[in-house]
Amino acid sequence: MSHLAPNSAIFSPSVARAAASAAKDWSFIDTWLHRKFQGTGRSPPPFERNPDTLRALLALANANEAADEECSLLAKLESETLRQLQLQSQQQAQQDQENNPDPDPASAAREAILTALEDSLSREGSTALESLSQTSLLLSQSHPTPTDLGYALLSLTSQADHLEQTQNRLDILSRYISQQCLETQTLSQDLKRSEQYRPPAHLAKQNLEMQRKIKQLSSKLPELRDKVAALANSVGMPNPTIEQVRQEEDAYLELLAQKKDLDAQIKAFQGLPPDTDQARQELEALRNELRRVTRQRDAVFEGLVERETPKKPSRYQ
């Protein structure tokens with residue numbers, strides 16, 4: 001009750017219970033602090049006693065008690081494990097001695113040295129030795145050295161990076177395939193639902209009609225083949241060679257060139273009558289017309305020249 005004011009009075013049972021609980025908690029905190037500072041030769045430092053400080057100290061004390069209990073359990077477990085290992089080692093040594101009454105001194109000395117070294121290792125040293133042995137076992141290193149272990153770890157890191165990149169590429173490919181599958185399914189559904197991609201209604205009837213015509217023509221095909229064979233036997237089908245075909249082609253091209261020249265010559269006389277005398281009369285009339293037009297042109301040109309040429313002034317004027 002030391003945290004309450006001297007002149008404060010307690011009138012309600014709830015306040016009394018709260019004060020009793022706080023007094024009990026403060027008593028626990030005082031005992032815990034005294035126990036923690038007991039081996040140091042010092043007393044707990046002075047501090048303000050209020051509900052916030054009490055809650056903080058209670059949380060710290062509970063955490064400390066839980067940690068102490070965990071450490072105690074670990075210590076007991078390690079002690080029990082060590083005892084069992086020592087017992088197993090003694091049993092194994094006794095069994096080896098029974099199996100081999102006269103052991104090799106060198107082997108016995110080596111085992112004794114290794115046992116002494118292992119017993120003298122600290123907890124951190126034992127953990128490091130155990131980690132080194134497990135790493136060597138996982139990396140298949142019978143005689144591990146730091147360099148070999150480093151190279152092996154670098155190789156594993158490189159392989160892991162390569163596998164990760166491969167996995168990323170496979171993930172990208174898988175997503176692409178999934179997207180293409182989804183698009184294919186969407187297209188398939190569109191093809192099923194759309195009227196545009198459905199066959200027309202008359203397609204079945206047209207198909208039956210085409211099959212009927214094919215059957216009719218197929219039935220006539222042997223007769224037509226016989227007619228062609230008979231015609232070939234009666235007339236005699238030529239069997240030209242490649243050289244003959246080339247010569248015929250050259251002659252045909254030459255005839256085409258001659259035809260073009262003749263067409264050009266005939267085009268000049270296009271429009272004339274077919275009779276020779278009439279054609280000559282029409283040609284003479286065209287020539288007379290050409291002479292008249294030529295004289296008219298010359299007259300017009302001379303008049304234009306006289307009009308445009310300036311007259312020279314006379315010396316007598």
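Note: the structure precedes this text.
Residues numbered from 1 in each chain as written. Predicted model: local features only at pLDDT ≥ 70, side-chain atom pairs only at ≥ 80, totals over all residues. Heavy atoms only, no water.

(A) Fine view of the side chain of S136. Take S136: it is sitting in helix 4 (residues 123-138). Using a relative accessible area of 6% as the deciding quantity, one classes S136 as buried. S136 has contacts with Q141, P144 and L149, leaving out every residue within four places of it along the chain. (Helix = DSSP H or I, 4+ residues; strand = E, 2+ residues; numbered from the N terminus. Buried < 20%, exposed > 50% of the residue type's maximum accessible area, 1.4 Å probe, protein only. Contact = heavy atoms within 4.5 Å.)

(B) How the structure looks around the packing of aromatic side chains. Under the counting rule described, the total for this entry stands at one aromatic pair. Consider the rings of W26 and F47, whose centres lie 6.1 Å apart with planes at 25°: the pair is stacked. Of this pair, W26 sits in helix 1 (residues 13-36) while F47 sits in the loop between helix 1 and helix 2 (51-99), and the two are 21 residues apart along the sequence. When its relative accessible area of 6% is taken as the criterion, W26 is described as buried. On the basis of relative accessibility, which here comes to 33%, the residue F47 falls in the partly exposed class. (Phe/Tyr/Trp six-rings, centres within 6.5 Å; stacked < 30°, edge-to-face > 60°.)

(C) Representation of the pattern of salt bridges in the model. Tallying each qualifying case throughout the model produces 14 salt bridges. Across the salt bridge formed by D263 and K259, the nearest N and O atoms sit 3.1 Å from each other. Of this pair, D263 and K259 both sit in helix 7 (residues 242-267), four residues apart, roughly one helical turn. One salt-bridge network, held together by shared partners, links E243, R246 and D250. (Salt bridge = Lys/Arg side-chain N within 4 Å of Asp/Glu carboxyl O.)

Distances and angles like these do not, on their own, reveal function.
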